[in-house]
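Next come the chains, spelled out residue by residue.
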Amino acid sequence: QVQLVESGGGLVQAGGSLRLSCAASGRIFSSYAMGWFRQAPGKEREFVAVIRWSGAWTYYADSVKGRFTISRDNAENTVYLQMNSLKPEDAAVYYCAASRYGVAGYTQREYDYWGQGTQVAVSS
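Figured I'd write up the structure that's included with this text. These figures come from a predicted structure and were not determined experimentally.

**Concerning the sheet that holds strand β7 (residues 68-73)**
Phase 1: Within the open sheet, the 4 strands sit side by side as β1-β3-β8-β7. Their pairing is antiparallel. One side of each edge strand has no neighbouring strand; the edge strands of this open sheet are β1 (4-7) and β7. The mean angle between the axes of side-by-side strands here comes to 15 degrees, regardless of whether they run parallel or antiparallel.
Phase 2: Pairing geometry for β1 and strand β3 (residues 18-24), over 4 bridges, is antiparallel. Each bridged residue has a counterpart across the sheet, and for Leu 4 the counterpart in β3 is Ala 24.

Dropping the structure here:
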């Protein structure tokens, strides 16, 4: 069992930055692919970014490409999402997710464990 706890959300002005963190329990974190998803009010949860177990491969939704960066520190069992140039449309609850298979893509069914989410609000 893996537990994921997100932090770092908050209120930021448009154009600002936030860094989200997701701390994972379990000593096999380094073998998991990790993803970030988000859900805005009245919308379905959508993919944001994913990083493979080694950190050597990342993939982003088109809507955040060039502005967001996913990274991981396997020694600290933590994955990060650096969000720059934030827009009002980035406001959502952001969820961290883990896949047991080390590689994962952009569909939610590929992920086995989910955090509770952290709220990001962006003022215009």
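**Topic: the packing of aromatic side chains**
Phase 1: Tallied over the entire structure, the rule returns 9 aromatic pairs.
Phase 2: Ring centres of Tyr 32 and Tyr 113 lie 6.2 Å apart, and the angle between their planes is 20 degrees; this geometry places the pair in the stacked category. One end of the pair, Tyr 32, is in the loop between β3 and β4 (33-39); the other, Tyr 113, is in strand β10 (residues 113-114), and 81 residues separate them in sequence.
Phase 3: Both rings, one in Phe 37 and one in Tyr 111, keep their centres 5.2 Å apart while their planes meet at 80 degrees; by these two values the pair is edge-to-face. Within this pair, whereas Phe 37 is found in strand β4, its partner Tyr 111 is found in the loop between β9 (92-99) and β10, the two being separated by 74 residues in sequence.
Phase 4: Among the residues examined, Tyr 111 registers a relative accessible area of 6% and is labelled buried.
Phase 5: Through a chain of ring-to-ring contacts, the aromatic side chains of Phe 37, Phe 47, Trp 57, Tyr 59, Tyr 106, Tyr 111 and Trp 114 assemble into a single cluster.
Phase 6: For Arg 45, the ring lying beneath its charged end belongs to Tyr 95, and the centroid distance is 4.8 Å.
Phase 7: Above the face of the Trp 57 ring, Arg 52 is positioned so that its terminal group lies 4.4 Å from the ring centre.

**Notes on the pattern of salt bridges**
Phase 1: This structure, assessed with the given rule, holds 5 salt bridges.
Phase 2: The partner of Glu 46 in a salt bridge is Arg 38, and the shortest N-O contact between them spans 2.6 Å.
Phase 3: Look at Glu 46 and you get partly exposed, because its relative accessible area is 37%.
Phase 4: For Arg 38, a relative accessible area of 6% corresponds to the buried category.
Phase 5: Salt-bridge contacts for Arg 38 lead to Asp 90; the nearest nitrogen and oxygen are separated by 2.9 Å.

Here is what the cut-offs are and how they apply
Residues numbered from 1 in each chain as written. Predicted model: local features only at pLDDT ≥ 70, side-chain atom pairs only at ≥ 80, totals over all residues. Heavy atoms only, no water. Pairing = 2+ DSSP bridges. Helix = DSSP H or I, 4+ residues; strand = E, 2+ residues; numbered from the N terminus. Axes fitted to C-alpha atoms, helices over the stretch in contact; angles between N-to-C directions. Phe/Tyr/Trp six-rings, centres within 6.5 Å; stacked < 30°, edge-to-face > 60°. Buried < 20%, exposed > 50% of the residue type's maximum accessible area, 1.4 Å probe, protein only. Lys NZ or Arg CZ within 6 Å of the ring centre and 35° of its normal. Salt bridge = Lys/Arg side-chain N within 4 Å of Asp/Glu carboxyl O.

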